[in-house]
Amino acid sequence: MRNQKYALAATLSAGALALAGIAALAPSAGASSTTLTAKTTMTNRPDSAANGGGNWALDNFTRGASIYYKGAASSSDCGGNSPCYAYTGKVSDVGHFTTITGQPSPGFGYLNGGTDPTMKIQLTGTMSGSQTYAFYTTVPVSGASASNVPTSDNGSNYNSGEWPELFFPSGTDFWDSSGNGQGSVNAAGGGELGTGFFKYVYLAKPGSDHDCANLTSQWTDASPSSGSLASDGNILAPDASGC
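The present account deals with the structure reproduced in this document. Since we're looking at a predicted model, the values are computed, not measured.

### Examining the overall build of the chain
A count of helical and extended segments in the chain gives two helices and nine strands. In sequence order, the secondary structure elements of the chain are arranged as α-α-β-β-β-β-β-β-β-β-β. Going through the 243 residues of the chain one by one, you find that 46% of them count as buried. Counting only carbon and sulfur atoms, one obtains 51% of the accessible surface of the chain, whose full area is about 9,900 Å².

Here it is as structure tokens:
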């Protein structure tokens, strides 16, 4: 789904920033929750592998993004700055992937025996998933806008780990769900904006590979393992001898 995805898992410790962290950002009494949503067409986005083999596919998908205003928060959540506001966010992606020939299959799971193969042909399958966030900022929801979010992105100009920042104006400062400073808007950087949980499923249906018409394969890339377990499966593009 996104480059820097495997690096993201390294920042999570056994789900320490899972949805429980997001639940902790409940609205204060009497606060009204406000939601902003935006859509972006994502094309030719490099997809990183769990096995360290580099980008294994290019993804083309539609990203729906939302931020949820939770109300005023303690200044301690914004590094002592006041006012401070709590938000959660989410991105949901639906589309397809196309494997890059010559790259290793992305996971550690095995199909048809042997080790993870180098993909020898181009294979296209479906992908879908989501990622959640919990964060603080000094900008109220009235200062954010869905129109700030790009309607299209070719390649990887914006980091998924910081995607909710795109709703906010330049110069906005952010803190994660633990109150750690994340700096100002840096959509092309490599940080993580209080990321809670992510799960992406990649599926190559029978017939996707004309050399292996009966092969069905699936790779699940989810926190905290980030697709690195044998049980997470794999995506293959073998030649006919590997069917």
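### A short note on the side chain of Asp 176
With respect to the element layout, Asp 176 can be found in strand 6 (residues 173-176). Those residues in contact with Asp 176 that sit more than four places away from it in its chain are Ala 134, Phe 135, Tyr 136, Gln 182 and Gly 194.

### Details of the environment of Pro 169
Examined against the element boundaries, Pro 169 turns out to sit in the loop between strand 5 (152-154) and strand 6. By relative accessible area, which is 32% here, Pro 169 ends up partly exposed. Separated by 15 residues in sequence, Pro 169 and Ser 184 have C-alpha atoms that sit 9.7 Å apart.

### Some words on the nonpolar core
Counting 36 residues, the largest nonpolar core has Trp 56, Phe 167 and Phe 168 as its most contacted members. Of all the elements in the fold, those that place two or more residues in this core are strand 1 (34-48), strand 2 (55-73), strand 3 (84-99), strand 4 (124-137) and strand 8 (195-204). Counting residues per element, this core draws most heavily on strand 2, at six residues. Those residues within four positions of Phe 167 in sequence are excluded, and the remaining contacts are Leu 36, Thr 37, Ala 38, Ala 65, Ser 66, Ile 67, Ala 144, Ser 145, Ala 146, Asn 148 and Val 149. Counting residues in hydrophobic clusters, the runner-up holds five residues, among them Cys 78, Ala 86, Tyr 136 and Trp 175.

### Considering the pairing of strand 8
Bridge analysis of strand 4 against strand 8 gives seven bridges, and the strand direction is antiparallel. Residue pairing for strand 8: Met 127 is matched across the bridge by Tyr 202. Where strand 8 meets strand 9 (residues 217-222), six bridges bridge the pair, whose relative direction is antiparallel. Note on strand 9: the bridge partner recorded for Tyr 202 is Trp 219.

### Some thoughts on the side chain of Ser 160
Relative to the elements of secondary structure, Ser 160 occurs in the loop between strand 5 and strand 6. Looking at Ser 160, the relative accessible area reads 0%, which means it is buried.

### Overview of unusual backbone geometry
Geometrically, the link from Ser 82 to Pro 83 is a cis peptide bond, its omega value of 0 degrees lying close to zero. Across the junction of Ser 223 and Pro 224, the peptide omega takes the value 5 degrees, indicating a cis bond. Assignment of secondary structure puts Pro 224 in the segment after strand 9. Of note, Asn 44 is a non-glycine position whose phi angle comes to about 50 degrees, a positive value. Tracing the sequence through the fold places Asn 44 in strand 1. In this structure Asn 44 comes out as partly exposed when scored by relative accessible area, which is 40%. At Ser 226, a residue that is not glycine, the phi angle is positive and equals roughly 55 degrees. With respect to the secondary-structure elements, Ser 226 resides in the segment after strand 9.

Criteria and thresholds
Residues numbered from 1 in each chain as written. Predicted model: local features only at pLDDT ≥ 70, side-chain atom pairs only at ≥ 80, totals over all residues. Heavy atoms only, no water. Helix = DSSP H or I, 4+ residues; strand = E, 2+ residues; numbered from the N terminus. Buried < 20%, exposed > 50% of the residue type's maximum accessible area, 1.4 Å probe, protein only. Areas by Shrake-Rupley, 256 points an atom, 1.4 Å probe, with all protein chains shown as cover. Contact = heavy atoms within 4.5 Å. Core = buried A, V, L, I, M, F, W, Y, C linked by side-chain atoms within 4.5 Å. Pairing = 2+ DSSP bridges.

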